[in-house]
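Close look at the chain arrangement
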Amino acid sequence: MSSATAAADQVREYKRQAAEFAADMVQDGMIVGLGTGSTAVFLVEALGRRHREGLRFLGIPTSIATEKLARSLGVPLTSFAEHESVDLAIDGADEIERGTLNLIKGLGGALLREKIVAAASKKFVVVADDSKLVDHLGADCLVPVEVTPFGWESTARHLGRLGARVSPRRSPTGQFFVSDGGNLILDCNFGTIAKPADTEDAIRRIVGVVDSGLFTGIASEAVTCGPEGLIHVT
Ligand code: 5RP
């Protein structure tokens, strides 16, 4: 096995451990927000096992991909038509700012549903391998911004005026990437983000923006895993 493959396997193992720790926080009767991404896959798999062992809960998935996975594992699902709030949402992140738990999310393109579920949650726990921890958001990670297809070029110019280098996300075949909500994603390089809450607000005020992958003041806990083991920040 090459050292790159071994390192990738190790990161997957860290993601699995963090996700399974958080899956154990789910209690009988809860409405659970089910995140999206490779870490969240481990969460949904663990919850599928717990469901088969008799745990009663209902999940609200944050993407079509997570919904498909949950259904394939027999995880019972519900929606905001039936439930006003979520007891516990668990999701991955692309960057987690140490100390604040402000996040960048959405490199998987599911940021809007993820943010709706997180914002409706009594508790939002972020799960990740510890390479996602950073001192300041944005230095090494683009901020995805979901925008309406109409006028995206104009919206992109406004984002540029906030100081971002902006590129529309494309699929591997070169087509525009389209989100589950039928919108486009503009990947924005802001460099280091000194005041993430101000940047999140400024992005949201631009007409044409649906929302961004900056999640400030939403995560209440983080479970990370790395060479030091599991760390649960509450
Ligand atoms: C998807 C997300 C994911 O949670 C984020 O990209 C982390 O993914 P992974 O667990 O695969 O590292 O925000 O929109």
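Everything numeric here is computed off the predicted structure, so don't read it as measured data.

**Things to note about the overall build of the chain**
- For the chain, the count of helices and strands is six helices and 14 strands.
- Taking 17 Å as the expected radius of gyration for a compact globule of 234 residues, we find that the chain reaches 17 Å, a close match to that expectation.
- Projected onto the principal axes, the alpha-carbon positions of the chain cover approximately 50 × 45 × 35 Å.
- Relative to all contacts within the chain whose residues are 6 or more apart in sequence, the contacts with residues 24 or more apart total 75%.

**A word on the UniProt feature "active site" (unreviewed entry) in the chain**
- UniProt records the feature "active site" (unreviewed entry) at Glu114, using the numbering of this structure.
- As for its placement among the helices and strands, Glu114 is situated in helix 4 (residues 111–119).
- Taking the C-beta count within 10 Å as the criterion, Glu114 has 32 such neighbours and is therefore assigned buried.

**Re the site of the ligand**
- Taken together, 17 residues are adjacent to the ligand, and Gly37, Ser38, Thr39, Gly92 and Gly108 come closest.
- For the shell around the ligand, the secondary-structure elements that each account for two or more residues are helix 2 (38–52) and helix 4.
- By residue class, the composition of the shell around the ligand is four nonpolar, nine polar and four charged.

**Some remarks on the sheet that holds strand 9 (residues 165–168)**
- In spatial order, the strands read 9-10-8-11; together these four strands make up an open sheet with antiparallel pairing. Looking at which strands have only one partner, the edges of the open sheet turn out to be strand 9 and strand 11 (209–212). Neighbour-to-neighbour, the strand axes of the sheet open up by a mean angle of 30 degrees, direction not taken into account.
- When strand 8 (residues 143–147) meets strand 11, the two strands line up antiparallel, connected through three bridges. Within the sheet, the bridge partner assigned to Val145 lies in strand 11 and is Ser212.
- Along the sheet, helix 5 (residues 152–161) contacts strand 8, strand 9, strand 10 (184–189) and strand 11; its crossing angle with strand 10, the most-contacted strand, is approximately 20 degrees.
- Its contacts with the sheet place helix 6 (residues 196–204) against strand 8 and strand 11, and it is angled at close to 165 degrees to strand 11.

What counts and how
- Residues numbered from 1 in each chain as written.
- Predicted model: local features only at pLDDT ≥ 70, side-chain atom pairs only at ≥ 80, totals over all residues.
- Helix = DSSP H or I, 4+ residues; strand = E, 2+ residues; numbered from the N terminus.
- Rg over C-alpha atoms; globule rule 2.2 N^0.38 Å.
- Contact = placed C-beta atoms within 7 Å.
- UniProt positions renumbered as here; feature names shortened; annotations may be inferred.
- Buried ≥ 20, exposed ≤ 12 C-beta atoms within 10 Å, placed from the backbone.
- Near = placed C-beta within 6 Å.
- Nonpolar A, V, L, I, M, F, W, Y, C, P; charged D, E, K, R; others polar.
- Pairing = 2+ DSSP bridges.
- Axes fitted to C-alpha atoms, helices over the stretch in contact; angles between N-to-C directions.

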